[in-house]
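Given next are the chains, with one letter for each unit.
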Amino acid sequence: MSNDIEIITAIIYAFITFLMLTIAVIVFIYYSRKKITKKELEKKDLEISYQKKIINAAIITQEKERKRIARDLHDDISSKLNIISLNSHLLQNSNLKEVEINQITNNIIETSSKILDSTRRISHDLLPPILEEFGIDKALEELASNYTNNNLNVNYINPFKQDIFNEIEKHFHLHLFRIFQELVSNSIKHGLASKIEISIEKIKNIRTAKYYDNGSGFNKNDTKTKSGLGMKNIESRIDFINAQLKIKSQVNDGVLIEIIF
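Residues numbered from 1 in each chain as written. Predicted model: local features only at pLDDT ≥ 70, side-chain atom pairs only at ≥ 80, totals over all residues. Heavy atoms only, no water.

Help me understand the overall build of the chain, please; the structure alone is not making it clear to me.
Summing up its helical and strand segments, the chain has 7 helices and 5 strands in all. Secondary structure elements in the chain, listed N-terminal to C-terminal, are α-α-α-α-β-α-β-β-α-α-β-β. Here the C-alpha radius of gyration of the chain, 32 Å, is well above what a compact globule of 261 residues would show, namely 18 Å. When the backbone C-alpha atoms are referred to their principal axes, the chain occupies close to 140 × 40 × 35 Å. Counting every position in the chain, which comprises 261 residues, the buried fraction comes to 32%. (Helix = DSSP H or I, 4+ residues; strand = E, 2+ residues; numbered from the N terminus. Rg over C-alpha atoms; globule rule 2.2 N^0.38 Å. Buried < 20%, exposed > 50% of the residue type's maximum accessible area, 1.4 Å probe, protein only.)

As structure tokens, this is what we get:
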């Protein structure tokens, strides 16, 4: 009888121990899952916050571009059209001498030529015609050529020509071009560079565009620099074309940027 009681007691203790262990495991799993879920939610929140910043930067950039275009149209083209209009009205004066007529006519021709130049520049800024007609490779060649002068040398190297860009979706080409356009602009305005090099490489089916300048560089850990409108615009385009961005830079040591696309 005593042995039976001991066996029953042992079974009860074993059951209680098993039950407690089961409860402990369930509680552990519950809190672990809760912790993991919390971390996943925090990660999602960070991703959403980052996406909002990228979208906000893109919107600000668009508005900035619209204001710039509106200013160009108003201050540059509109003002010159007013000059042509005024000079055209002067030609209606029947008392004008031949010298005066020639002077007014030359003024109209000269102003018209300036308007054509401004229109081409605005059109090129909106969408470079060469990009649509001949592709991004020729557009980057033109970009390098247009910025090269006595104070700045921009070199573009691409042994693969247009073929390497044809491996990615065509609507990505404009974004890639805008990225380089923004980088060159930053190198000139902020980096005060005298040498810029854009090179395209392909190793084991991995396409990499390298951008280098010998300018003043920057601290890439500086949140103010990273949150700048130019960098946010670049990051938003990089994200859109599903590319990867790597930045190497130090103060007074230029910039090296790699875009894996």
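Explain the pairing of strand β3 (residues 206-213) to me, please; I cannot follow it from the model alone.
A regular strand places its side chains on the two faces of the sheet in alternate fashion. Relative to β3, strand β2 (residues 195-203) is paired through 8 bridges, and the arrangement is antiparallel. Paired with E201 across the two strands is T208, which belongs to β3. (Pairing = 2+ DSSP bridges.)

Help me understand helix α5 (residues 173-189), please; the structure alone is not making it clear to me.
Spacing of three or four residues puts side chains on the same side of an α-helix, whose turn is 3.6 residues. Here α5 spans 24 Å end to end across 17 residues, near enough to the 24 Å set by a 1.5 Å rise per residue. Burial analysis of α5 places 13 of its 17 residues in the buried class, which makes it a mostly covered element. (Expected span 1.5 Å × (residues − 1).)

Just geometry here; none of it tells us what the structure is for.
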